[in-house]
Structure formats: structure tokens, C-alpha cells
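Structural overview
Letter by letter, the chains look like this.
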Amino acid sequence: MKTISVSEAKAFDLYTMRDVGIPSLVLMERAALKSVENLAQLNWDLTHILVVAGSGNNGGDGIAVARLLKIHGFNVQLLLVGNPEHASIERIQQLKFANHYGVEVIQGGIPDWNAYSVIIDAIFGIGLSRPVSGNYQQVIQNINDSTANTLAIDVPSGFSPETGRELGIAVHANATATFAYAKNGMDSTTGQAFCGQLFVDDIGIYDPQVIQNLQNK
Ligand SMILES: NC(=O)C1=CN([C@@H]2O[C@H](COP(=O)(O)OP(=O)(O)OC[C@H]3O[C@@H](n4cnc5c(N)ncnc54)[C@H](O)[C@@H]3O)[C@@H](O)[C@H]2O)[C@@H](O)CC1
Ligand SMILES: [K+]
């Protein structure tokens, strides 16, 4: 299985948005569509879904997933974590889209984490850059302690694709929908323990070398 580093993943994202010109939101929508497709393939009990969204683009992916699930009539709720002042542009836009569809955003804490049959982990993706602490740590602990099945978006939050281990604490996902290519460390035994069943989803982001080869054909 081809695996890439975080810097490669970021470089491929940038190449796709800047050199190819596919907008970030388009990639985000494709990531959300694929994640919902993966969720449908898992045959899990989908009666009560919680999406936990961070303040970056991983959170943006998660909010888009919540919107799609809402449109399809699922009982889905959204918990926003992180500082809204630091929210990325796309994450703000995704919340606007979700509000248009009336996606329920939970204010305050979660009374019972075991009330959910599925938790979607969209806290951190490849932007994780330091050990998880504070409220994030508590939320990830709650996710791991809950009886729900967990689907991680792109990377289990807190898992470092650089080291293949957790940075402080990481989500133990039952499944992970990663985009473009598997990330380094995901194919190690620890990586598999954190990712669970791995889906590698094509969302239109490719290694530039692959594109060069096509152009030279
Ligand atoms: N436009 C794009 O680049 C795309 C990005 N995508 C998604 O966006 C993700 C990357 O998004 P971002 O780069 O916004 O980063 P993340 O959403 O992974 O992380 C959010 C922010 O958390 C902060 N952070 C990092 N470690 C932390 C810690 N330990 N405690 C507290 N805060 C911490 C960082 O400032 C980071 O920007 C990917 O994993 C993927 O899910 C996909 O939608 C594909 C398109
Ligand atoms: K995640």
C-alpha cells in the first residue's frame, strides 16, 4: 500500500488547489461524499450519529458529512470543538451550509456519550502538530470510552502519521476514511490499531508525478 508523509499530503493538496486549480471546498465536498459512502459500507447501526468537528479543515470535512447525513434523514448532531476564532475559512463556510439545512449543533457538553451509535471523528487531520491536551484530550477520551462505533476522517485525531503513534492521546477508530493516499504509519501494527478498517478514498488529489506521467503520454 502506497503511504505518504504529512508534508507530501500537504504538498499534494496545495498542488491540486494551486497548480491544477480545484478549489479547496470542492475537495472537501468530495471528501465528505466519500466518507458517507464508506459509512454506508460499514453496516453499522446508524440510528444516532454524533459528528465531532475541530476548527480546521478536518472539522470542515466533518460538518459537510453531518449536512449530507441530515439531508438523507439521519438523526445526526454536531459538536464543535476548538476556538471558533481560529476556524478556517472552509470550516466557517461548511457551518453556514449546515445551518441552512438545520443541522443541530450541540451547545455545551454531551450528557451521555453512550447515547450515540456512531461518532464521526473530525477533530484533527494532517494538521495535528503537537500533543493533544486540555478539552481536546477530554473529548478524545470520551470518544474512546464510548460504546459508539467511531469513523475517523482522514486521520484518527491525535494519531501522528509521522511517528505512527499517538501524540498525547488519539482516537481508536473502528474505521478511517483517509483521502488520496494512506499516510505513513497507518500500515504499521500501531497504525492499524488506531485506524481500524482503512478506506483510501480518491477525492481528486494525486501525486504530481502521476500527473506529469499522464502529460508525457
Ligand atoms: N483544502 C485542503 O487542504 C483539504 C483538506 N482536507 C482536510 O483538512 C485536513 C487538514 O486541515 P487543516 O490543515 O486545517 O488542519 P486540521 O483540521 O487537521 O487541524 C486543525 C488545526 O488544529 C491545530 N492543532 C494542531 N495540533 C493541535 C493540538 N494538539 N491541539 C490543538 N490544536 C491543534 C492546528 O492549528 C490546525 O490548523 C485534512 O486532514 C483533511 O481532513 C480535505 O478536505 C481535502 C482538502
Ligand atoms: K480526524
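For clarity, every value in this text was computed on a predicted model and none was experimentally measured.

The rules behind these values
- Residues numbered from 1 in each chain as written.
- Chains lettered and ligands numbered in written order.
- Predicted model: local features only at pLDDT ≥ 70, side-chain atom pairs only at ≥ 80, totals over all residues.
- Heavy atoms only, no water.
- Near = heavy atom within 4 Å.
- Polar contact = N/O pair within 3.5 Å; in protein donor to acceptor, adjacent residues only side chain to side chain.
- Areas by Shrake-Rupley, 256 points an atom, 1.4 Å probe, with all protein chains shown as cover.
- Helix = DSSP H or I, 4+ residues; strand = E, 2+ residues; numbered from the N terminus.
- Nonpolar A, V, L, I, M, F, W, Y, C, P; charged D, E, K, R; others polar.
- Contact = heavy atoms within 4.5 Å.
- Pairing = 2+ DSSP bridges.
- Axes fitted to C-alpha atoms, helices over the stretch in contact; angles between N-to-C directions.
- Expected span 1.5 Å × (residues − 1).
- Parallel < 35°, antiparallel > 145°, perpendicular 65-115°, else oblique.
- Left-handed = near helix turned anticlockwise from the far one by under 90°.
- UniProt positions renumbered as here; feature names shortened; annotations may be inferred.
- Buried < 20%, exposed > 50% of the residue type's maximum accessible area, 1.4 Å probe, protein only.

1. Here's the deal with the site of ligand 1
Surveying the vicinity of ligand 1 reveals 22 residues, the closest of which are Ser24, Asp61, Gly125, Arg130 and Asp154. Asp13 has a polar side-chain atom sitting 3.1 Å from an oxygen atom of ligand 1. One of the backbone N or O atoms of Ile126 is found 2.9 Å from an oxygen atom in ligand 1. Out of a free accessible area of 850 Å², ligand 1 has 82% covered by protein chains. Contributing elements (two or more residues each) for the shell around ligand 1: helix H1 (6-20), helix H2 (24-41) and helix H3 (57-71). Broken down by class, the residue content of the shell around ligand 1 amounts to eleven nonpolar, seven polar and four charged.

2. Let's talk about the environment of Ala173
For Ala173, the location among the structural elements is in the loop between strand E8 (165-166) and strand E9 (175-179). Considered as a pair, Ala173 and Leu151 are 22 residues apart in the sequence and their alpha carbons are 5.7 Å apart. Setting aside its immediate chain neighbours within four residues, Ala173 contacts Thr150, Ala152, Ala193, Phe194, Cys195 and Gly196.

3. Structural notes on the sheet that holds strand E3 (residues 76-80)
Pairing in this open sheet of seven strands is parallel, and the strands run E4-E3-E2-E5-E6-E9-E11 from one edge to the other. The sheet is open, and its two borders are formed by strand E4 (104-105) and strand E11 (197-201), each paired with just one other strand. As paired elements, E3 and E4 share two bridges and run parallel to each other. Looking across to E4, one finds that Leu78 is bridged to Val105. Contacts between H2 and the sheet are confined to strand E5 (118-122), strand E6 (149-153), E9 and E11, with E11 contributing the most and set at about 145° to the helix.

4. Quick word on H2
The terminal C-alpha atoms of H2, which comprises 18 residues, lie 26 Å apart, in line with the 26 Å expected from a rise of 1.5 Å per residue. In the stretch just after H2, Asn43 is the one whose phi turns positive, near 55°.

5. So, the packing of H2 against helix H4 (residues 89-100)
Two elements in contact, H2 and H4, have axes separated by 11 Å at closest approach and are oriented at 60°. Relative to H4, the element H2 lies oblique. Between H2 and H4 the crossing geometry is right-handed. Between H2 and H4, the residues in contact are Ser24, Leu25, Met28 and Glu29 and Glu90, Gln93, Gln94 and Phe97, respectively. For the contact of H2 with H4, the residue count by class is three nonpolar, three polar and two charged.

6. Side note on the UniProt feature "binding site: K(+)" (unreviewed entry) in the protein
UniProt tags Asn58, Asp121 and Ser157 as "binding site: K(+)" (unreviewed entry). In three dimensions, the annotated residues from a span of 100 residues occupy one location, with a maximal C-alpha spread of 9.4 Å. If you trace the backbone, Asn58 turns up in helix H3. Setting aside residues no more than four positions away along its own chain, Asn58 makes contact with Asp121, Ala122, Ile123, Phe124, Gly125, Ile153 and Asp154. Looking at the element boundaries, Ser157 is found in the loop between E6 and strand E7 (159-160). By relative accessible area, Ser157 is classed as buried at 0%. Discounting chain neighbours no more than four positions away, the residues touching Ser157 are Asp121, Ile123, Phe124, Ile140, Ile169, Ala170 and Val171. A distance of 3.4 Å separates a polar atom in the side chain of Ser157 from the backbone nitrogen of Ile123.

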